[in-house]
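Residue-level structural notes
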Protein chains: 10
Amino acid sequence: MLFLVRMDVHIPTDMPAAQADEIKAREKAYSQDLQRQGKWQALYRVVGEYANYSVFDVESNDELHTLLSGLPLFPYMKVHVTPLAKHPSSIR
Amino acid sequence: MLFLVRMDVHIPTDMPAAQADEIKAREKAYSQDLQRQGKWQALYRVVGEYANYSVFDVESNDELHTLLSGLPLFPYMKVHVTPLAKHPSSIR
Amino acid sequence: MLFLVRMDVHIPTDMPAAQADEIKAREKAYSQDLQRQGKWQALYRVVGEYANYSVFDVESNDELHTLLSGLPLFPYMKVHVTPLAKHPSSIR
Amino acid sequence: MLFLVRMDVHIPTDMPAAQADEIKAREKAYSQDLQRQGKWQALYRVVGEYANYSVFDVESNDELHTLLSGLPLFPYMKVHVTPLAKHPSSIR
Amino acid sequence: MLFLVRMDVHIPTDMPAAQADEIKAREKAYSQDLQRQGKWQALYRVVGEYANYSVFDVESNDELHTLLSGLPLFPYMKVHVTPLAKHPSSIR
Amino acid sequence: MLFLVRMDVHIPTDMPAAQADEIKAREKAYSQDLQRQGKWQALYRVVGEYANYSVFDVESNDELHTLLSGLPLFPYMKVHVTPLAKHPSSIR
Amino acid sequence: MLFLVRMDVHIPTDMPAAQADEIKAREKAYSQDLQRQGKWQALYRVVGEYANYSVFDVESNDELHTLLSGLPLFPYMKVHVTPLAKHPSSIR
Amino acid sequence: MLFLVRMDVHIPTDMPAAQADEIKAREKAYSQDLQRQGKWQALYRVVGEYANYSVFDVESNDELHTLLSGLPLFPYMKVHVTPLAKHPSSIR
Amino acid sequence: MLFLVRMDVHIPTDMPAAQADEIKAREKAYSQDLQRQGKWQALYRVVGEYANYSVFDVESNDELHTLLSGLPLFPYMKVHVTPLAKHPSSIR
Amino acid sequence: MLFLVRMDVHIPTDMPAAQADEIKAREKAYSQDLQRQGKWQALYRVVGEYANYSVFDVESNDELHTLLSGLPLFPYMKVHVTPLAKHPSSIR
């Protein structure tokens with residue numbers, strides 16, 4: 001079951017660089033682990049913004065919320081989720 | 001080069017069904033042709049709306065505009081394009 | 001799997017009353033059938049508006065889109081879907 | 001009398017974890033008490049957001065305001081209330 | 001129980017004047033009857049707009065919806081309802 | 001001359017409680033004095049929000065601005081003013 | 001007493017030119033009459049839009065509503081009114 | 001003096017193709033004449049939309065309004081103008 | 001050449017009063033000097049808000065930007081500029 | 001390939017002037033270097049705002065994101081990117 005997710009990151013400008021780097025490193029590992037599992041199917045940077053559009057493939061709404069709220073950057077993010085369905089013209 | 005595109009379709013409610021069906025049939029063929037060429041990489045229905053989110057993979061902005069403005073439903077659509085870049089955490 | 005759905009109905013003011021009544025009658029039957037099946041779990045009128053908030057309980061995004069796009073009033077509706085998850089403080 | 005309430009929580013990112021935990025524990029107890037009384041009829045997490053949609057069943061606007069403004073997290077919330085009425089197609 | 005209601009009227013510019021006048025006359029009578037009953041407690045014109053802000057005093061959300069959806073101009077209105085509670089600084 | 005005023009209060013969450021209480025006490029006295037004078041004709045709490053809708057009856061725009069900008073909570077408020085006129089259907 | 005008023009004009013594109021011209025001629029005469037009386041103190045075109053910003057000097061909200069709702073183009077306008085007060089730094 | 005102008009075109013979907021083509025042909029000639037004069041300095045299509053961003057170089061606000069309101073497509077456009085100034089980092 | 005300018009002032013609530021007063025005093029002197037020169041043609045307080053609408057009469061966009069960005073309160077302001085043209089119905 | 005970019009700068013009002021000046025100096029050098037390379041084709045100040053509209057000419061979305069996210073002021077900017085295509089009426 002697919003969902004489009006937009007995440008906008010707002011790290012406070014006064015956070016020490018070392019702390020920000022540590023959170024970002026954990027975020028990257030967390031994200032790549034989910035990508036390898038096939039749950040985080042696609043991850044794109046929005047050009048010019050500290051934001052991404054992602055496609056998640058999960059079993060349920062609950063699973064998606066668990067994955068998103070576990071993001072190390074979650075406290076610094078604005079997240080919007082759009083549920084997706086199969087399109088009748090899609091050839092996949 | 002990837003772009004996220006959202007298309008919202010607003011067919012006038014007084015358009016004769018035959019005319020609407022004919023346009024939709026052309027739209028489907030047009031879309032599937034581009035999907036087979038790999039230019040229209042993904043096509044998702046937004047749940048509950050006559051709208052889609054799509055990912056296009058094109059050579060240039062000009063090519064993308066040519067593809068989108070050629071859509072049979074283009075005169076009845078509101079289209080919004082977001083340019084995408086490679087995300088540093090993407091494993092692809 | 002639960003979803004909150006808001007539907008705003010905009011029937012053209014020049015639609016003949018008989019046609020509008022026929023569509024609304026089919027809408028009511030369609031809705032009540034889904035309510036009896038337990039898929040349309042709750043249906044509330046927004047006070048002062050020709051709109052409702054509903055809770056759907058479905059197996060998947062695809063099922064929800066099929067149910068919503070099959071609504072007799074769908075061509076005259078603006079629909080917005082919000083996926084819901086279990087809240088950790090909910091006692092249910 | 002039913003109301004749909006959306007609550008978005010914005011705890012300052014510099015609040016000490018112990019303080020935040022203490023407020024959240026009180027919030028949970030407060031919420032579950034109202035749920036057991038039947039006044040907080042439903043409580044759903046919005047997927048991907050630190051937010052909920054809730055249904056309250058109260059005697060009056062004044063009672064609802066008293067309940068909401070007494071939430072331990074109230075100073076950190078953006079709250080929006082929508083009054084609901086019986087829908088003519090509802091089978092309940 | 002008090003509610004603030006804003007109503008914006010959009011009569012189609014091609015409605016025959018006689019039809020519009022007849023609806024407005026019924027609207028006026030309907031409104032004045034509710035005002036005399038004390039249910040439509042206040043009615044103000046928004047300066048420069050075909051719109052009003054009103055205060056209703058009703059027993060329930062259901063009663064308010066019944067009153068509003070019965071307005072002769074209801075099909076041509078955008079209505080927004082805000083529930084009001086007693087303010088602790090009010091001297092009334 | 002009547003005006004509808006909406007005030008949204010945003011007291012910084014790190015203001016000491018004693019300071020906030022002192023400002024609120026002055027606000028209450030200020031408001032009740034104006035209510036007794038008949039200038040602040042109505043004062044309603046917006047359900048679920050730290051906000052109010054008020055009706056002012058003043059001689060001029062200048063008088064209204066003087067009253068509003070003198071509010072002890074003014075530096076912490078977002079204020080929006082809507083000028084009101086007599087409605088032709090009002091029975092008052 | 002001064003008010004800033006923005007008016008956006010939306011004449012239906014299918015209105016016959018003669019009818020539109022007749023309304024616009026009446027609008028111009030109406031506007032110039034009020035300007036000569038000093039009630040319509042300033043009238044500016046918004047560059048690139050069929051819209052204006054105007055300053056009115058009137059005795060009351062009621063007078064302003066009467067003037068604006070009497071505009072020949074009123075049924076085709078979106079109007080927004082902002083009440084103005086004397087600015088403490090103004091030298092006038 | 002430079003201005004950024006965004007124009008969104010909304011030709012009614014029921015306008016006969018011949019009429020639309022004739023207006024568009026006049027629009028193109030009008031635009032190219034102004035481009036050759038150096039007044040319409042740049043003209044870009046917004047990808048995926050029937051819209052453009054343009055840069056105008058004119059003597060005054062009045063001249064810009066005259067040019068824009070003379071566009072053959074003006075009655076079918078939503079236009080927004082942003083005045084531009086020299087940027088201190090610009091090397092031009 | 002005329003421009004309508006709206007300025008919304010947001011002085012941080014924790015700025016020492018003496019500092020705020022000093023900036024406001026400089027702002028007042030700056031503004032009154034420009035008013036006396038005829039460049040800041042009108043200055044109105046928005047009722048109920050720490051904001052103003054102003055009319056500037058300048059030679060160019062560059063001059064206007066220089067004047068506005070030199071305002072002592074500029075770092076604490078949100079500014080929006082609307083270019084104005086002569087209105088064909090204006091009698092001035 | 002052209003893109004219109006709007007950048008709004010929000011430097012915290014409590015940043016020491018020396019630090020702000022140093023970042024702005026680096027920003028200017030960075031910008032002028034890209035302008036000389038022809039990648040940052042145009043740079044305009046938005047009148048009255050600490051913002052700019054720019055035109056970039058790049059090979060790809062990825063290149064544009066690299067350029068923008070490398071801006072010394074990037075952590076203090078809100079950036080919005082609009083992809084541009086050749087306009088059929090452009091004479092260039």
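Treat the numbers as computed from the prediction; the structure is a model and nothing was measured. (Residues numbered from 1 in each chain as written. Chains lettered and ligands numbered in written order. Predicted model: local features only at pLDDT ≥ 70, side-chain atom pairs only at ≥ 80, totals over all residues. Heavy atoms only, no water.)

1. Digging into the overall build of chain A
- Along the backbone of chain A there are two helices and four strands.
- From first element to last, N terminus to C terminus, chain A shows the α and β order β-α-β-β-α-β.
- Seen along its three principal axes, the alpha-carbon backbone of chain A occupies a region of about 50 × 25 × 20 Å.
- Per-residue burial over chain A gives 57% buried out of 92 residues. (Helix = DSSP H or I, 4+ residues; strand = E, 2+ residues; numbered from the N terminus. Buried < 20%, exposed > 50% of the residue type's maximum accessible area, 1.4 Å probe, protein only.)

2. Section: the arrangement of the chains
- One finds no contact linking chain A with chain I; the least C-alpha distance across the pair is 17 Å.
- For the non-touching pair chain D and chain I, the nearest C-alpha separation works out to 17 Å. (Contact = heavy atoms within 4.5 Å.)

3. Structural notes on the interface of chain J and chain I
- With seven residues of chain J at the interface, the matching set in chain I holds 11 residues.
- A buried area of about 640 Å², summed over both sides, lies between chain J and chain I, and 65% of it is on carbon and sulfur atoms.
- Looking at the side of chain J facing chain I, the largest losses of area belong to Thr13, Val47 and Gly48 of chain J, adding up to 73% of the total buried there.
- For the pair chain J and chain I, the interface holds zero salt bridges.
- Its residues placed into classes, the side of chain J that touches chain I shows three nonpolar, two polar and two charged. (Buried area = accessible area lost by both parts, 1.4 Å probe. Salt bridge = Lys/Arg side-chain N within 4 Å of Asp/Glu carboxyl O. Nonpolar A, V, L, I, M, F, W, Y, C, P; charged D, E, K, R; others polar.)

4. Re the pairing of strand β4 (residues 77-86) of chain I
- With respect to burial, β4 of chain I is a largely interior element, seven of its 10 residues being buried.
- When strand β2 (residues 40-46) of chain G meets β4 of chain I, the two strands line up antiparallel, connected through three bridges. Bridging across to β4 of chain I, Val46 of chain G finds its partner in Leu84 of chain I.
- By the bridge criterion, seven bridges tie strand β1 (residues 2-9) of chain I to β4 of chain I in an arrangement that is antiparallel. Bridge pairing in β4 of chain I places Met7 of chain I opposite Val79 of chain I. (Pairing = 2+ DSSP bridges.)

5. Remarks on the sheet that holds strand β4 (residues 77-86) of chain C
- Read around the closed barrel, the eight strands follow the order β1(C)-β3(C)-β2(C)-β4(D)-β1(D)-β3(D)-β2(D)-β4(C); overall the barrel is antiparallel. In this sheet, adjacent strand axes meet at a mean angle of 35° when their direction is disregarded.
- Alignment of strand β2 (residues 40-46) of chain D against strand β3 (residues 51-57) of chain D, held across five bridges, turns out to be antiparallel. When the sheet's bridge partners are listed, Leu43 of chain D is paired in β3 of chain D with Ser54 of chain D. (Axes fitted to C-alpha atoms, helices over the stretch in contact; angles between N-to-C directions.)

6. Observations concerning the relation of the copies chain A and chain B
- In screw terms, the move from chain A to chain B is a rotation of 180° and a rise of 0.0 Å along the axis, fitting with an RMSD of 0.0 Å. Overall, the copies show the geometry of a two-fold rotation axis.
- Both copies present the same face, since 100% of the interface residues in chain A are matched by interface residues at the equivalent positions in chain B. (Least-squares fit on C-alpha atoms with pLDDT ≥ 70 in both.)

7. A closer look at the sheet that holds strand β1 (residues 2-9) of chain E
- The strand order β1(E)-β3(E)-β2(E)-β4(F)-β1(F)-β3(F)-β2(F)-β4(E) describes a closed barrel built from eight strands, whose pairing is antiparallel. The mean angle between the axes of side-by-side strands here comes to 35°, regardless of whether they run parallel or antiparallel.
- Lying over the sheet, helix α2 (residues 61-69) of chain D contacts β1 and β4 (77-86) of chain E together with β2 (40-46) of chain F, oriented at roughly 70° with respect to β4 of chain E.
- Relative to strand β4 (residues 77-86) of chain F, helix α2 (residues 61-69) of chain G is tilted by about 70°, and along the sheet it contacts β2 (40-46) of chain E together with β1 (2-9) and β4 of chain F.

8. Focus: the packing of aromatic side chains
All names here are of chain I.
- The full count for this structure, using the stated rule, is 10 aromatic pairs over all chains.
- When the ring of Trp40 is compared with that of Phe56, the centres are 4.7 Å apart and the planes differ by 35°; the resulting orientation is tilted. Here the residue Trp40 occupies a position in strand β2 (residues 40-46), and Phe56 occupies one in strand β3 (residues 51-57), the gap between them amounting to 16 residues. A single burial state applies to Trp40 and to Phe56, both of which are buried. (Phe/Tyr/Trp six-rings, centres within 6.5 Å; stacked < 30°, edge-to-face > 60°.)

9. With respect to a negative patch on the surface
- Negative charge collects at one region of the surface, where Asp14 of chain A, Asp14 of chain D, Asp14 of chain F, Asp14 of chain I together with Asp14 of chain J lie side by side.
- Within the fold, Asp14 of chain A resides in the loop between β1 (2-9) and α1 (17-37).
- Looking at Asp14 of chain A, the relative accessible area reads 66%, which means it is exposed. (Patch = residues over 30% accessible without salt bridge, like charges linked within 9 Å, V, L, I, M, F, W, Y side chains within 5 Å. Areas by Shrake-Rupley, 256 points an atom, 1.4 Å probe, with all protein chains shown as cover. Lys, Arg positive; Asp, Glu negative; His and termini not counted. Charge placed at Lys NZ, Arg CZ, Asp CG, Glu CD.)

10. Quick word on the environment of Gln41 of chain A
- Within the secondary structure, Gln41 of chain A sits in strand β2 (residues 40-46).
- Non-local contacts of Gln41 of chain A, meaning those with residues more than four positions away in its chain, are made with Leu2, Val55, Phe56 and Asp57 of chain A together with Tyr44 and Arg92 of chain B.

11. Looking at the environment of Pro88 of chain A
- Within the secondary structure, Pro88 of chain A is located in the segment after β4 (77-86).
- Residue classification places Pro88 of chain A among the exposed positions, given a relative accessible area of 53%.
- Filtering out sequence-adjacent residues up to four positions away, Pro88 of chain A remains in contact with Lys28, Gln32 and Arg45 of chain B.

12. A word on the interface of chain A and chain B
- Taken residue by residue, the interface counts 27 residues in chain A and 27 residues in chain B.
- Around 2600 Å² of area is buried between chain A and chain B when both sides are counted, 62% of it from carbon and sulfur atoms.
- At the surface where chain A touches chain B, the tally comes to 15 residue pairs in polar contact (both at pLDDT 80 or more).
- When contributions to the side of chain A that touches chain B are tallied by element, the ones reaching two or more residues are β1, α1, β2, β3 (51-57) and β4 of chain A.
- In terms of residue class, the side of chain A that touches chain B is made up of 13 nonpolar, nine polar and five charged. (Polar contact = N/O pair within 3.5 Å; in protein donor to acceptor, adjacent residues only side chain to side chain.)

13. Structural notes on the nonpolar core
- With 26 residues, the main nonpolar core has Val5, Met7, Phe56, Leu64, Leu68, Val79 and Val81 of chain E as its most contacted residues.
- Going through the elements one at a time, β1, α1 (17-36), β2, α2 (61-69) and β4 of chain E are the ones with two or more residues in this core.
- When residues in this core are grouped by element, the largest group, four residues, is from β1 of chain E.
- Look past the residues within four positions of Leu68 of chain E in its chain and what remains in contact with it is Gly48 of chain C together with Val5, Met7, Phe56, Phe74, Val79 and Val81 of chain E. (Core = buried A, V, L, I, M, F, W, Y, C linked by side-chain atoms within 4.5 Å.)

14. Describing α1 of chain A
Residue and element names in this part refer to chain A.
- Compared with the 30 Å implied by 1.5 Å per residue over 21 residues, the 30 Å span of α1 between its first and last C-alpha is a close match.
- On its buried face, α1 is in contact with β2, α2 (61-69) and β4.
- Where α1 ends, the next residue or the one after it, Gly38, has phi of about 85°, a positive value. (Expected span 1.5 Å × (residues − 1).)

15. Topic: empty space enclosed by the protein
- Counted by the stated rule, this structure contains one cavity of 30 Å³ or more.
- By volume, the largest cavity amounts to about 40 Å³.
- Broken down by secondary-structure element, the contributors of at least two residues to the lining of the largest cavity are β3 (51-57) of chain G together with β3 of chain I.
- Each residue belonging to the lining of the largest cavity can be placed in one class, and the counts come to eight nonpolar, no polar and no charged. (1 Å grid on protein atoms, 1.4 Å probe; cavity = no way out; pocket = protein on both sides within 12 Å on 5 of 7 lines; lining within 4 Å. Points joined across faces, edges and corners; volume = space filled by probe spheres on them.)

16. A closer look at the side chain of Ser90 of chain C
- Among the secondary structure elements, Ser90 of chain C is positioned in the segment after β4.
- In this structure Ser90 of chain C comes out as buried when scored by relative accessible area, which is 14%.
- Within polar-contact distance, the side chain of Ser90 of chain C engages the backbone nitrogen of Arg92 of chain C at 3.3 Å.
- Excluding residues within four positions of it along the chain, Ser90 of chain C makes contact with Gln32, Gln35 and Leu43 of chain D.

17. Quick notes on the pattern of salt bridges
- Inspection of every chain in the model, using the stated rule, returns 40 salt bridges over all chains.
- Arg26 of chain E is paired through a salt bridge with Glu22 of chain E; the nearest N and O atoms lie 2.7 Å apart. Of this pair, Arg26 of chain E and Glu22 of chain E are both found in helix α1, four residues apart, which corresponds to roughly one turn of the helix.
- For Arg26 of chain E, a relative accessible area of 42% puts it in the partly exposed group.
- Exposure remark for Glu22 of chain E: the relative accessible area of 41% places this residue in the partly exposed category.
- Here Glu49 of chain H ties to Arg6 of chain H by a salt bridge, and the two come within 2.9 Å at their closest N and O atoms. With a gap of 43 residues between them, Glu49 of chain H in the loop between β2 (40-46) and β3 (51-57) and Arg6 of chain H in strand β1 (residues 2-9) connect regions that are remote in the sequence.
- The buried category is assigned to Glu49 of chain H, whose relative accessible area is 17%.
- Bridged by salt links that share partners, the residues Arg6, Asp8 and Glu49 of chain A form one connected network.

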